[in-house]
Each structure stands twice: as structure tokens, then as C-alpha cells.
Amino acid sequence: MVTGGRGTMVAMAAWSTLNAAGVTLFLLLVLLRVSQAQTFFFPFRQPETCSHNQYFDISALSCVACGANQRQDARGTVCVCLPGFQMISNNGGPDIICKKCPENMKGVTGDGWNCISCPDGLTAEGKCHCPTGHILVERDVNGMLLSQATCKLCEESENSFTIANALGNRCVQCEPTFINTSRSCVCSEPNILTGGLCFSSTGNFPPRMISAARYGDLGMSFTSEWFAEYLQSSAAACWVYANLTSCQALGNMCVMNMNSYDSTTFDACRLFQFIFENTAGLGTVHSVSFWRQNLPWLFYGDQLGLAPQVLSTTPLPTNFSFKGENQNTKLKFVAASYDVKGNFLKWQTLEGGVLQLCPDTETRLNAAYSFGTTYQQNCEIPISKILTDFPMPTFYDVYLEYTDENQHQYIWAVPVLNLNLQHNKIFVNQDSSSGKWLLTRRIFLVDALSGRENDLGSQPRLIRVATQISLSIRLVPNTKNGNIYPPLITIAYSDIDIKDPNSQSVKVSFSVTYEMDQGEAHVQTDIALGVLGGLAVLLSLLKTAGWKRRIGSPMIDLQTVMKFLVYYAGDLANVFFIITVGTGLYWLIFFKAQKSVSVLLPMPAQEERFVTYVGCAFALKALQFLHKLISQITVDIFFIDWERPKGKVLKAVEGEGGVRSATVPVSIWRTYFVANEWNEIQTVRKINPLFQVLTVLFLLEVVGFKNLALMDSSSSLSRSPPSYIAPYSRILRYAVSTALWLVIGIIQIVFFAVFYERFVEDKIRQFVDLCCMSNISVFLLSHRCFGYYIHGRSVHGHADTNMEEMNMNLKREAENLCSQRGLIPNTDGQTFQIAISSQMRQQYDRIHETLTRKNGPARLLSSSGSTFEQSIKAYHTMNKFLGSFIDHVHKEMDYFIKDKLLLERILGMEFMEPMEKSIFYNDESYSFSSVLYYGNEATLLIYDLMFFCVVDLACQNFILASFLTYLQQEIFRFIRNTVGQKNLASKTLVDQRFLI
């Protein structure tokens with residue numbers, strides 16, 4: 001029995017499993033069938049496409065038929081009963097029931113629920129009709145439905161002065177101007193009816209009124225429907241009744257006409273001015289002479305020279321500071337806003353983008369009002385969006401809120417410079433002289449109302465948009481507490497002819513700028529430029545005099561003048577460099593580190609002078625660099641080989657069939673080796689150019705030093721992505737770039753001199769040691785009668801020897817068992833500056849002319865044998881001559897050795913002229929490196945820096961500047977090596993193929 005029960009349970013479980021599998025399979029098939037049958041598209045319908053007996057179903061988004069005796073309502077989204085039918089039930093949409101009214105009560109009540117008899121006829125909608133001046137009465141005072149509707153005439157007598165309202169269901173009191181003017185509810189002639197108001201024709205109000213809206217950008221002027229309907233009534237109500245709202249509305253219409261004033265035309269502004277002039281007895285508001293009682297404050301007056309007084313006479317009684325306990329970096333602008341009809345809307349802060357048409361995050365929008373942050377916002381907005389967002393203009397009177405020393409709150413009126421304002425048809429606010437400006441007060445962003453011609457509900461023909469709004473803040477000169485003058489809002493409107501709003505767009509901008517008087521800074525810069533420029537002239541004259549002494553020419557000729565100009569270009573480049581670096585660091589340090597605001601960054605227009613100085617520094621430094629480059633690749637150089645033959649060998653005589661003894665030839669490989677080493681050190685520098693560029697770029701872009709160049713008060717190296725990023729200051733970018741470049745460069749130079757050359761490798765001194773080990777001296781002339789000598793004569797007599805003897809010689813030298821390496825016995829002086837006599841130079845030129853004939857070694861393979869032999873002979877002659885000259889063999893061309901005077905070292909020139917004897921100056925500083933990159937590191941460092949900065953100032957891109965700077969370094973290095981190799985080969989008879 002248990003077994004049977006267990007079998008039954010197993011069978012039932014199996015059956016359940018099969019059923020579940022079957023159900024699952026069935027559901028899968030159904031879902032598969034449904035997914036194959038359903039679609040996801042349907043016809044696109046709009047409410048206006050539905051017929052009169054259909055309504056638009058807002059759920060199904062399609063047109064659905066109304067029920068019997070029904071039609072769509074005005075919106076088209078529900079159904080209503082046809083005329084002559086009353087509602088029995090209404091649950092919304094199509095769910096209503098309509099019933100025909102009986103013949104004796106064909107009218108329907110206003111709410112549509114009841115039928116009623118209409119003695120005076122029906123309207124098109126089936127409602128009861130009443131004559132003009134009557135109201136329809138369908139129920140008694142208790143709400144009981146009357147069997148027959150009645151039309152009651154409103155009492156217009158003096159006791160009541162009532163008239164039917166717009167809906168015709170109540171009697172309301174007549175407009176007060178009707179009662180005051182005609183003592184009735186009718187404005188009969190000769191009284192004037194305008195804008196729904198009634199005015200007496202016997203008043204002194206100007207009868208000539210122009211309802212034109214001017215659009216100066218498009219050169220158009222047409223009758224505005226808004227002005228035609230409300231200008232006269234607003235002006236009359238303001239003038240006759242001092243109605244506050246009407247006065248505000250009149251002021252708004254003047255603002256919509258760009259505050260333009262024409263003494264010959266009674267338009268909105270002329271009417272406003274007329275009322276202003278004729279209400280002087282009413283007094284002023286807050287003691288402001290431009291603000292008349294009952295009138296809005298629109299103008300500051302039209303006196304010449306008034307604008308500078310308003311903008312630069314009285315500072316705001318508040319302080320701004322970037323840091324410290326009294327930190328105050330918030331500009332608290334508030335605005336009194338009005339609608340177009342003159343109704344006061346509210347006080348509101350400008351934060352949140354009230355005056356900024358471009359959309360953005362609230363954080364970025366509010367950054368515009370952070371003191372010291374230069375703000376720029378630009379965008380392009382579709383006209384369709386503007387028409388949607390601004391159907392009616394809103395007007396703003398802007399104030400700056402501040403707190404005085406006693407913590408009392410005040411507001412300061414912010415003046416407006418409307419660039420579109422015309423005074424007697426002249427755009428006075430576009431004049432460069434602020435004395436001719438006419439300042440105003442009220443502004444708006446978009447006017448899509450005055451451009452409507454015939455119907456206020458139609459699309460405007462023209463709109464006016466504030467495309468440029470700039471808020472400028474000026475610092476009080478010589479302030480130490482962050483005092484500013486009243487801010488100025490400069491606004492420019494653009495008139496747009498509406499053709500296709502969906503395809504048209506407009507570019508708008510909003511900016512906040514800060515400025516201070518740069519006159520004192522310019523004077524100080526000019527003084528520094530004059531003083532340093534004068535010193536540069538003196539230094540250039542000294543260099544030119546030294547150059548004349550070194551070329552052995554006492555005459556002042558055109559070449560002398562050109563040389564002076566080249567020297568002056570280099571010195572003047574240093575002057576410009578010092579001034580620009582000093583100026584940049586001044587603005588960087590004093591602006592970013594100040595607590596109470598005393599300086600503000602120059603505006604972009606004020607930076608042009610600085611940028612010009614940077615350009616001059618770069619151009620002049622580039623000229624100096626090219627001059628040095630040309631000088632280096634045109635030096636005269638010769639390697640004196642002191643090695644002598646070690647005996648004789650038997651040598652076969654070609655063509656004679658015999659042998660004869662000959663001296664053992666001296667190996668040329670030592671000369672080639674020294675020449676190759678000289679070629680390698682030509683472009684050795686004290687810094688690593690690639691490391692320099694990459695390190696500066698890393699610090700600027702990755703570490704974030706470039707953020708110090710932003711035109712805001714923050715000294716942080718990082719900026720959060722959601723925050724506003726201010727534009728870069730070109731002066732600060734230059735300052736940060738030069739500071740980092742110089743610091744990294746100086747660190748490299750110090751590391752190279754203190755550590756690398758001492759403990760790793762000193763290629764200049766190694767080259768001198770190599771010359772001594774190779775028994776090769778270097779005779780180098782950088783000028784006609786001036787140059788350098790490296791004494792490489794071996795103290796062992798021979799250098800072309802085997803390894804064992806070489807090691808023995810080095811050991812003897814280390815143990816001081818041989819003489820010292822110096823040219824003078826028992827000294828170590830191996831390097832000299834030399835000033836040779838003219839006779840010595842002439843002899844050198846005669847031999848050298850033969851040596852370099854036929855362009856030297858570049859034509860060795862193609863020249864004839866005799867030419868090659870002559871070159872070889874000339875080479876040996878020069879080697880012998882220079883060797884004998886060093887050994888004092890030629891008494892008529894002898895020399896003597898002396899130390900340079902301290903003043904000679906400082907001035908870089910020689911006081912003693914080599915007349916009969918040449919002069920060798922002891923040179924422990926290895927100054928022969930001046931004909932190499934190594935000795936001109938300062939010029940190269942500044943030139944690379946100026947190239948980097950000029951590229952960055954031009955394109956505002958540190959990465960591109962770094963790439964181009966390194967590229968030009970490599971190009972000039974290649975040119976220096978290539979041309980230097982050719983010059984070296986031509987001067988020394990060394991085959992260029994052996995120079996690597």
C-alpha cells in the first residue's frame with residue numbers, strides 16, 4: 001500500500017511536470033505569435049486635423065468621433081453638445097449625453113445644462129442674445145432657473161454709472177476717466193477715446209503723437225500696434241492723472257524705442273521728456289534730480305560731460321577683498337522688474353541668469369557676479385526659442401546692493417550705456433569720447449511686442465534682442481581697500497527681420513570686465529624702457545668697439561654700423577625681455593596674492609602694448625640668435641699636429657722599379673678623431689631641450705599651473721569641471737610660462753655645472769684633455785685678429801703609440817714624473833684668448849688661401865693630382881707655420897702671454913692692441929666655448945622661451961607651442977651641425993665623410 005501510494009505520487013509529479021512544460025511551451029508560442037504580429041508605428045495626427053464632429057484623444061493621440069448631437073469644442077480635445085441641445089451627462093471626452101431642447105425653449109443656458117426661452121433671439125452657439133448695454137439674467141438671486149431669460153439694461157445715470165462687463169453677465173462701474181471727463185459711461189466727441197480711457201480735448205496735452213517703432217539697424221520705422229493702442233492713453237493718463245502704472249508703461253515704450261530722443265517728433269521718449277519737463281513741481285525721488293516723482297528714472301540728463309561725472313566722481317562706499325577675514329567677492333546686483341503694462345513685478349537678484357540669454361548651469365551663470373572674475377558667455381539661439389520664451393518684454397532697473405560700515409543695506413543705481421540710443425538722429429553712445437555719452441537706466445532683453453503691426457496676437461514682423469551685454473567695473477586709482485566706481489552696463493540691441501523663425505538664429509553674448517587706470521603702469525614701463533634702452537646703446541657701443549679692435553680695423557664704415565645695429569638688437573631684445581618678464585610677474589603676484597583689492601588685470605585691449613613688447617623681444621632675439629649662428633659656422637679653425645715621424649722605412653718608388661728610404665708618415669687618424677669630437681660638441685648645451693619642453697608642458701597642463709593664468713582671483717592649480725572657467729590673460733600666460741621656463745632652465749644649468757660636469761661628464765674639458773692626449777692643438781679665429789688657442793702638445797713627445805706606452809705615459813703624468821701640460825713651462829694653462837697682429841694674420845691668410853683652393857676636401861676625389869698635392873703641401877705648410885709660431889720661431893711675428901685685466905674681462909674687450917707682437921691671454925674659463933652652443937646658453941634659453949611664448953600668445957595652446965619649440969630646436973641644431981661640418985672640412989682639410 002505504501003509502495004502504491006509512492007507510485008501514485010511519482011505519477012502525479014510527472015504529470016504536473018508535463019503540464020507545466022506544456023503551458024510554458026504554449027505561452028512561448030503565444031508570445032512569439034504576438035511579437036510577430038504587433039507593430040510600433042501609427043498615423044501622425046494633430047488636433048487641428050480632426051473634423052468638426054471629431055475630438056483629439058490625448059491618450060491615443062488620434063482623432064475619435066464624437067457622439068450623437070455633438071461636436072468638438074474650441075480646443076478640439078473634448079466634445080460638446082450642438083446648439084439647441086442640452087447636456088444630460090458629462091464625464092469628459094466623448095462620454096457626454098445630449099438631449100434636444102423643446103420647441104418653446106430652444107435656447108441653452110450659459111453652462112449648457114438647461115434649456116431656456118430666449119425672447120431676444122439666439123447667438124450662433126445657441127445661447128440667449130441681449131442688446132448692447134444689457135446683461136443676460138437666467139436665474140434669480142437664489143439660483144432658481146427662470147422659465148424665460150431676461151435682458152436687463154445697466155444703469156448709466158449719475159447715481160450708478162454702470163455698464164455691462166465683457167462677459168455680459170454683470171453690471172460694473174464705468175472706467176473712472178469716462179466719469180471724470182463726460183459724467184457718463186460714453187466718451188463722446190469732442191472728448192478723446194484711446195486705450196480704453198477717455199480724455200478731455202480741452203487739456204494742454206500735445207495732440208501730435210507718433211506711434212512708430214524705430215529699428216535703426218534695419219533702417220525701418222513703422223506703426224506699432226502696441227504703440228498705436230496704448231501710447232496715447234499711457235501718456236495722457238500719466239500727464240493728466242499722474243497714474244503710476246501708466247507712467248511706467250510710457251517709460252517702457254520709450255525704452256522699447258531705445259531711449260532715442262528727437263526734438264522734432266512726439267514719439268514715446270519725446271512725450272516722456274515733455275511730461276518730465278512740465279512736472280518739475282512734483283519734486284524728485286531720493287534727491288535724484290533725474291528721477292521725477294511718479295515717473296520712472298530713464299535718463300541721467302543730456303548735458304555734455306555728465307557721463308564721466310557719473311562714472312568717475314563718487315566711489316561706492318564699500319570694499320572688496322579676495323582673502324582675509326573681511327573677504328568680499330560677491331557683486332550683489334538686484335533689479336526692480338516691470339511688465340510691459342507698467343506693473344511692478346518684484347525685486348529679484350540677477351543670479352540665475354536673469355540677464356543672460358545663453359543657457360548654462362546655475363554655478364556657471366552665477367560666476368559672472370564673483371568680483372575679480374572676468375566673465376564671457378557666447379551662444380547662438382534660435383529665433384523660435386526666443387519667440388516662445390519672451391512673448392512679452394520684461395524691463396529691469398538694475399541696482400548694486402551693498403552694506404555700509406554700520407551694516408545698513410543700500411542700493412546704488414547702475415547706469416546703462418545703450419549703444420543704439422539716438423539723440424537727434426545721432427548715435428552719441430558710439431562715440432569714443434565718454435563726454436558725449438547719454439546714460440540711461442532701464443533695459444530689457446527681448447522685445448517681440450512693438451514689432452507687431454496690425455494684430456497683437458500675430459507673429460511680430462521684427463524683434464529686437466539684446467545681443468551684447470557687458471558689465472564693466474572700474475577700480476578707483478591708488479586704492480588700497482578695493483574701492484570701485486559705479487559699474488556700467490553697456491548694451492547693444494540687434495533688430496531681426498522675422499522671415500522663418502525655425503531657420504533663423506541670433507548670436508548673443510554676456511560679459512563682465514574689470515579695468516583700472518593703466519596710465520601709471522605705462523609711465524613706469526616707459527621709464528624702464530628708456531633707462532635700460534640707453535644702457536643697451538652704451539653696451540652695444542662697447543661691443544662694437546671691441547669688435548673693431550678684434551678685426552684690426554680702425555675705420556667706421558657701413559659694416560661697423562650694421563654690426564652695431566645687430567649688437568643693439570640683441571641688447572634691446574634683453575631689455576624688452578626683462579621688462580615683459582618683470583611686468584608679467586608683477587601682475588601675477590600682485591593680482592593673485594592680494595587681500596584687499598588694489599590692482600586689477602589689464603583688459604585684452606590694454607594688453608596690446610605688452611604683446612607688442614613681447615613680439616619685439618622675440619624678433620630682436622631671433623636676429624641675435626641668427627647672427628651668433630652665422631658667426632659660429634664661419635669661424636677659421638686649424639688643428640696643429642705636433643706629432644713627428646719616428647724614423648725611416650723603405651718605400652717602393654713608383655715607375656722606377658726600385659726602393660728608397662722615406663720618413664715614417666704621421667697618422668691622420670688623430671686629427672680626424674679630434675675634428676670629429678669638435679664637431680660633436682658644437683651643439684652641446686647646458687640643458688636638455690627635450691626635458692625642458694616636456695617638464696614645462698607637464699607643469700602647465702598636468703599639474704595645473706596654467707590655471708594661474710585665468711582671469712579670476714583664485715590661486716588654485718585645479719578647477720572643478722562644473723565650475724566656470726574664466727578666460728586666460730595673455731599677460732598671466734606669459735608670466736607663468738616664463739617663470740616655469742626660467743626656473744626649470746636655471747635648475748638644469750645649476751645641476752649641470754655643480755653635479756653633472758663634476759661627477760659624470762664635462763665634454764668641454766674632456767675635449768681639451770683629448771687634444772693633449774692626441775698631441776693636437778686647436779688654433780681658432782672667431783674674428784680677423786682675435787680667437788682662441790687650445791694647447792694640446794703632448795708632454796711625452798709622441799701620442800701615436802701603442803697601449804703599453806700610452807698607459808705608461810698616463811702613469812708618469814699622474815705621478816708628476818713629467819712636465820705639466822701648459823704652454824708656459826711648469827703651468828697647466830692650456831686655453832688662451834689670442835689677439836694676433838696684422839702681419840701674423842696676413843701670413844695665415846696667404847697659406848690658408850692655398851689650403852682652401854678648389855673648395856678644399858669636398859673635391860678631393862674629383863680634383864687633379866697636382867691640386868691635391870698642393871693642398872697637402874699647404875696643409876703641412878700651415879701646420880709647420882702655426883707650430884713654429886707657437887714655438888716663437890718667427891721673431892717678427894712673436895707673441896707674449898699675459899693675464900687679462902678685471903675690467904677687460906667685465907667689458908669683454910681688450911685694451912691693448914697687438915701691433916708688433918701677438919698677445920695670448922690666459923683663459924681658465926674655457927671661453928673658446930663662445931663659438932659653440934655651450935657658451936651661448938643664455939641666448940639660446942631666452943630665444944627658445946620667446947619662441948614658446950609667441951606661439952602660445954598667438955594660438956593660446958601650450959601643447960602646440962611646446963611641439964613647435966622643440967621642432968625648431970631640432971631644425972636649427974641640424975643646420976648648425978651640417979653647415980658646421982662643411983666649414984670644418986673646408987678649413988682643416990678633414991674629409992667630411994669622417995665627421996659624424
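- In the annotation of an unreviewed UniProt entry, the protein chain is listed under the name Meckelin and assigned to Neophocaena asiaeorientalis asiaeorientalis.

## Points about the state of the cysteines
By definition, a disulfide links the sulfur atoms of two cysteine residues through a covalent bond.
Here comes step 1: Tallied over the full model, the rule gives 12 disulfides.
Here comes step 2: Residue C101 pairs covalently with C115 via a disulfide, S to S 1.9 Å. Judged by the sign of its S-S torsion, about -80°, the bond between C101 and C115 is left-handed. Placement of the pair is C101 in the loop between β6 (96–100) and β7 (107–108) and C115 in strand β8 (residues 115–116), with a sequence separation of 14 residues.
Here comes step 3: C101 gets classed as buried once you look at its relative accessible area, which sits at 5%.
Here comes step 4: Sulfur-sulfur distance for the disulfide between C358 and C379 comes to 1.9 Å. Here C358 and C379 share a disulfide; its torsion about the S-S bond, -95°, makes the bridge left-handed. Highlighted residues: C358 in the loop between β20 (344–349) and α7 (362–366) and C379 in strand β21 (residues 375–382), separated in sequence by 21 residues.
Here comes step 5: Accessibility expressed as a relative area gives 4% for C358, which makes it buried.

## Observations regarding the environment of W291
Here comes step 1: Tracing the backbone through its elements, the reader meets W291 in strand β18 (residues 288–292).
Here comes step 2: Considered as a pair, W291 and F276 are 15 residues apart in the sequence and their alpha carbons are 8.9 Å apart.
Here comes step 3: In this structure, W291 is in contact with G283, T284, V285, H286, P296, W297 and Y399, ignoring residues within four places of it in sequence.

## Digging into the sheet that holds strand β37 (residues 918–922)
Here comes step 1: If you walk across this open sheet you meet the 6 strands as β30-β33-β34-β35-β37-β36, and the pairing is mixed. Strand pairing shows two members of the sheet lacking a second neighbour, β30 (636–641) and β36 (895–898), which therefore form its edges. For this sheet, the mean inter-axis angle between neighbouring strands, taken without regard to orientation, is 25°.
Here comes step 2: Inspection of the sheet shows strand β34 (residues 786–790) paired to strand β35 (residues 831–835) by 5 bridges, in the antiparallel sense. From the neighbouring strand, F786 faces β35, where its bridge partner is A835.
Here comes step 3: Strands in contact with helix α12 (residues 669–680) are β30 and β33 (776–781); relative to β30, the strand with the most contacts, it is inclined by about 145°.

## Remarks on helix α13 (residues 689–703)
Here comes step 1: In this model, α13 (15 residues) spans 20 Å end to end at C-alpha, consistent with the 21 Å of a helix rising 1.5 Å per residue.
Here comes step 2: Taken residue by residue, α13 has Q692, V693, T695, V696, L697, L699 and L700 as its buried positions.
Here comes step 3: By the N-cap criterion, in which a side-chain oxygen at the helix start approaches the backbone nitrogen of a residue two or three places on, α13 is capped by N688, the distance to L690 being 3.1 Å.
Here comes step 4: Just beyond α13, the residue with positive phi is G704, at close to 105°.

## Quick notes on the packing of helix α14 (residues 730–759) against helix α20 (residues 937–955)
Here comes step 1: Orientation of α14 relative to α20, taken along the N-to-C sense of each, is 150°, at an axis distance of 10 Å. Taken together, the axes of α14 and α20 lie roughly antiparallel to each other. The way α14 lies across α20 gives a crossing that is right-handed. Residue-level inspection shows R730, R733, Y734, S737, T738, W741, L742, G745 and I749 of α14 in contact with α20, the latter providing E937, L941, D944, L945, M946, F948, C949, D952 and L953.

## Quick notes on the pattern of salt bridges
Here comes step 1: Evaluation of the coordinates by the stated rule reveals 28 salt bridges.
Here comes step 2: Linking K592 and D712 is a salt bridge whose minimum nitrogen-to-oxygen distance equals 3.2 Å. Of the two residues, K592 is situated in helix α10 (residues 558–593) and D712 in the loop between α13 and α14; the sequence distance between them amounts to 120 residues.
Here comes step 3: For K592, a relative accessible area of 4% corresponds to the buried category.
Here comes step 4: Judged by its relative accessible area of 6%, D712 is buried.
Here comes step 5: The partner of R730 in a salt bridge is E607, and the shortest N-O contact between them spans 3.1 Å. With R730 in helix α14 and E607 in the loop between α10 and α11 (608–632), this residue pair connects regions lying 123 residues apart in the sequence.
Here comes step 6: Look at E607 and you get buried, because its relative accessible area is 2%.
Here comes step 7: A cluster of three or more residues bridged by salt bridges with shared partners is formed by R550, K900 and E910.

Cut-offs and rules
Residues numbered from 1 in each chain as written. Predicted model: local features only at pLDDT ≥ 70, side-chain atom pairs only at ≥ 80, totals over all residues. Heavy atoms only, no water. Disulfide = S-S within 2.5 Å. Helix = DSSP H or I, 4+ residues; strand = E, 2+ residues; numbered from the N terminus. Buried < 20%, exposed > 50% of the residue type's maximum accessible area, 1.4 Å probe, protein only. Contact = heavy atoms within 4.5 Å. Pairing = 2+ DSSP bridges. Axes fitted to C-alpha atoms, helices over the stretch in contact; angles between N-to-C directions. Expected span 1.5 Å × (residues − 1). Polar contact = N/O pair within 3.5 Å; in protein donor to acceptor, adjacent residues only side chain to side chain. Parallel < 35°, antiparallel > 145°, perpendicular 65-115°, else oblique. Left-handed = near helix turned anticlockwise from the far one by under 90°. Salt bridge = Lys/Arg side-chain N within 4 Å of Asp/Glu carboxyl O.

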